Amino acid sequence: MQAQEDFEGGEGVGGEGLDERRMREAIRAAREAAGRGEVPVGAVVVGDGGDVLAVAGNRTRSDCDPTAHAEIVALREAARRSGNYRLTGAVVYSTIEPCAMCAGALVQARVRRLVYGAPDARAGAVRSVFRICDESSLNHRMELTAGVLEAECRALMQEFFRERRRRRDEE
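If you're wondering where the values come from, they're calculated on a predicted model, not measured in any experiment.

Colleague: Please clarify how the overall build of the protein chain should be interpreted in this entry.
Modeller: Summing up its helical and strand segments, the protein chain has six helices and five strands in all. If you list the helices and strands of the protein chain from N to C, you get α-α-β-β-α-α-β-α-β-β-α. Since a compact globule built from 171 residues should have a radius of gyration of about 16 Å, the 16 Å found for the protein chain is in line with a globular shape. By principal-axis analysis of the C-alpha atoms, the protein chain measures approximately 50 × 40 × 30 Å.

Colleague: Would you take a moment to explain the side chain of Glu71 for this structure?
Modeller: Mapped onto the elements of the fold, Glu71 is located in helix H4 (residues 70-82). No salt bridge forms around the buried Glu71; measuring N to O, its nearest opposite-charge neighbour Arg76 is 11 Å away. Here the side chain of Glu71 touches Ser94 through a polar contact of 2.8 Å, side chain to side chain. Here Glu71 is in contact with Val41, Ala43, Ser94, Ile96, Pro98 and Cys102, once residues within four sequence places are set aside.

Colleague: Help me understand the packing of aromatic side chains, please; the structure alone is not making it clear to me.
Modeller: Centre distance and the angle of the planes are the two values used to describe a pair of aromatic rings. Overall, the coordinates contain one aromatic pair when judged by the stated rule. Considering the side-chain rings of Phe160 and Phe161, the 5.1 Å spacing of their centres and the 85° angle between planes classify their relative orientation as edge-to-face. According to the relative accessible area criterion, Phe161 is partly exposed, its value standing at 26%.

Colleague: When you look at the pattern of salt bridges in this model, what are you seeing that I'm missing?
Modeller: Scanning the entire structure with this criterion turns up 14 salt bridges. The partner of Glu143 in a salt bridge is Arg112, and the shortest N-O contact between them spans 3.4 Å. Of this pair, Glu143 sits in strand S5 (residues 143-146) while Arg112 sits in the loop between helix H5 (100-108) and strand S4 (113-118), and the two are 31 residues apart along the sequence. Through salt bridges that share partners, Glu163, Arg166, Arg167 and Glu170 make up one connected network.

How each quantity is defined
- Residues numbered from 1 in each chain as written.
- Predicted model: local features only at pLDDT ≥ 70, side-chain atom pairs only at ≥ 80, totals over all residues.
- Heavy atoms only, no water.
- Helix = DSSP H or I, 4+ residues; strand = E, 2+ residues; numbered from the N terminus.
- Rg over C-alpha atoms; globule rule 2.2 N^0.38 Å.
- Buried < 20%, exposed > 50% of the residue type's maximum accessible area, 1.4 Å probe, protein only.
- Lys, Arg positive; Asp, Glu negative; His and termini not counted.
- Salt bridge = Lys/Arg side-chain N within 4 Å of Asp/Glu carboxyl O.
- Polar contact = N/O pair within 3.5 Å; in protein donor to acceptor, adjacent residues only side chain to side chain.
- Contact = heavy atoms within 4.5 Å.
- Phe/Tyr/Trp six-rings, centres within 6.5 Å; stacked < 30°, edge-to-face > 60°.

Written out as structure tokens, the structure reads:
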């Protein structure tokens, strides 16, 4: 089991904290999603003991499912693996600020902490457009950490959409 300091993002092997290492796992999942033609968003769910419960990338196109965002897919798998839909000690890592649907699911799952990379000025529901994860009128609020590997997460999205526009313009 990892030390609490390391679990909370303290320095780990190579001077990189656990938050950064877990976000790199989410970035890998996002890149795999992009390889399938999905918007490159990745998510990792870590249980309260520090074990990775789920890693997922977007699957909306692959599964023909509008709810198959990386965070939702990862929450479903983590709940299945833990045997409980409430993930009260879990930390969720997402490459981009979650949308309203995903933020709502994080609240419903009673996630302890959300760590995300890049903000989403158009659809972000954590701080950018809405504030679902710490809304006082809801029955659960979580700890929030924004900006972990933000530049890398932002670049991944920008490259994906730049390439998509380039292909569209060529057609």
